[in-house]
Amino acid sequence: MARGYKDARSPHQKIAAELRRRITRGDLPPGSKLGSTAELMEQYGGVANTTVQKALQMLKAEGLLEGLAGKGVYVRQHAQESVEPIAYLSPVGADEPYPWLSEAAKRRQVGRVQLLGVEIVVPPTEVAEALHLENGERAVLRRQLLLLDEEPTELTRSYYPLSLVEGTAVLEKKRIRGGTPSLLAAMGFPPRECVDELSSEIPTEEEVVALELPKDMPVLVAFRVILSDGGRPIEATLMTKAAHRYRMRYRLHLDDGARAGEV
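Read on for a plain summary of the structure.

Calculation notes
- Residues numbered from 1 in each chain as written.
- Predicted model: local features only at pLDDT ≥ 70, side-chain atom pairs only at ≥ 80, totals over all residues.
- Heavy atoms only, no water.
- Patch = residues over 30% accessible without salt bridge, like charges linked within 9 Å, V, L, I, M, F, W, Y side chains within 5 Å.
- Areas by Shrake-Rupley, 256 points an atom, 1.4 Å probe, with all protein chains shown as cover.
- Salt bridge = Lys/Arg side-chain N within 4 Å of Asp/Glu carboxyl O.
- Lys, Arg positive; Asp, Glu negative; His and termini not counted.
- Charge placed at Lys NZ, Arg CZ, Asp CG, Glu CD.
- Helix = DSSP H or I, 4+ residues; strand = E, 2+ residues; numbered from the N terminus.
- Core = buried A, V, L, I, M, F, W, Y, C linked by side-chain atoms within 4.5 Å.
- Buried < 20%, exposed > 50% of the residue type's maximum accessible area, 1.4 Å probe, protein only.
- Contact = heavy atoms within 4.5 Å.
- 1 Å grid on protein atoms, 1.4 Å probe; cavity = no way out; pocket = protein on both sides within 12 Å on 5 of 7 lines; lining within 4 Å.
- Points joined across faces, edges and corners; volume = space filled by probe spheres on them.
- Nonpolar A, V, L, I, M, F, W, Y, C, P; charged D, E, K, R; others polar.
- Axes fitted to C-alpha atoms, helices over the stretch in contact; angles between N-to-C directions.
- Parallel < 35°, antiparallel > 145°, perpendicular 65-115°, else oblique.
- Left-handed = near helix turned anticlockwise from the far one by under 90°.

Time to look at a negative patch on the surface. Among the surface-exposed residues, E126, E129, E197 and E201 lie close enough to one another that they form a single negatively charged patch. The set of elements that each furnish at least two residues to the negative patch consists of α5 (125-130) and β7 (193-201). Counting through the fold element by element, E197 comes out in strand β7.

This is the structure in structure tokens:
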């Protein structure tokens with residue numbers, strides 16, 4: 001171990017971490033049955049029964065495991081899904097389903113979008129800079145909760161320059177047919193470029209409550225800026241994702257001379 005550093009976590013947290021990694025990386029695929037408590041106690045160095053039970057309870061709270069009476073403990077179906085962000089960026093027709101719903105259906109899940117609120121605000125500094133707003137200039141904030149199979153999965157806070165969307169459906173407290181990408185494209189501002197910044201963070205109280213997060217569960221935060229023609233920013237969105245429920249997949253096409261992994 002580097003410089004003598006030791007893992008200060010409790011034994012049940014270490015066991016939960018190892019099992020979690022085996023589940024999310026596919027070594028324990030959905031439907032797999034875990035060993036008995038006695039087998040897990042032996043596997044992890046003769047730990048106590050209560051230690052194993054605490055570890056399993058953590059993973060059940062995260063939705064990774066489920067106990068079936070009289071049968072044992074199993075890895076849940078859809079324990080962690082892979083999604084491609086690019087699939088949600090293209091505008092769709094007014095009569096077509098919102099991409100979140102159609103992409104969920106492809107994975108045999110039921111998606112739902114709940115609009116939490118719409119308001120005019122002075123945005124945070126990061127957002128104001130991304131949208132090229134003057135000091136004190138206002139934006140429209142749309143807050144939404146995204147659910148998969150009725151489990152809250154993502155909290156989104158999307159900001160739009162008020163000068164750009166004033167008088168449009170963006171300010172209405174209801175869902176926009178086809179989503180904001182379709183509306184903005186119809187207004188002459190099609191999405192041309194997307195810039196994502198990802199970070200793993202400790203959730204705020206709002207995020208813990210909205211996403212029904214287990215204790216001590218970090219979140220994956222994506223700050224996305226969408227640019228239209230001429231590099232004009234038209235949207236900045238802070239997406240807080242329940243990190244234990246899905247992962248993000250990026251597909252990059254490298255130039256002929258580029259090689260992945262080179263420094």
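Take the nonpolar core next. Where a protein is soluble and globular, its nonpolar side chains tend to be buried together. Of all hydrophobic cores here, the largest spans 17 residues; its most connected members are L19, L34, L56 and L65. Among all residues touching L56, those that are not within four sequence positions of it are L19, L34, L40, L65 and V73.

Moving on, we get to empty space enclosed by the protein. For the structure on display, the rule yields two cavities of 30 Å³ or more. Here the second largest cavity is characterised by a volume of approximately 30 Å³. Lining of the second largest cavity is provided by P181, L184, P191, I226, I234 and E235. Those elements that provide at least two residues to the lining of the second largest cavity are α7 (179-186) and β9 (233-242). Of the residues that constitute the lining of the second largest cavity, the class distribution is five nonpolar, no polar and one charged.

Take the packing of helix α1 (residues 11-24) against helix α3 (residues 49-61) next. Between α1 and α3, the shortest axis-to-axis distance is 8 Å and the interhelical angle comes to 50 degrees. It follows from the interaxial angle that α1 and α3 lie oblique. For α1 against α3, the interelement crossing comes out right-handed. Where α1 approaches α3, its residues P11, H12, Q13, I15, A16, L19 and R20 are matched on the opposing element by T51, K54, A55, L56, M58 and L59. Of the residues in the contact of α1 with α3, the class split is eight nonpolar, three polar and two charged.

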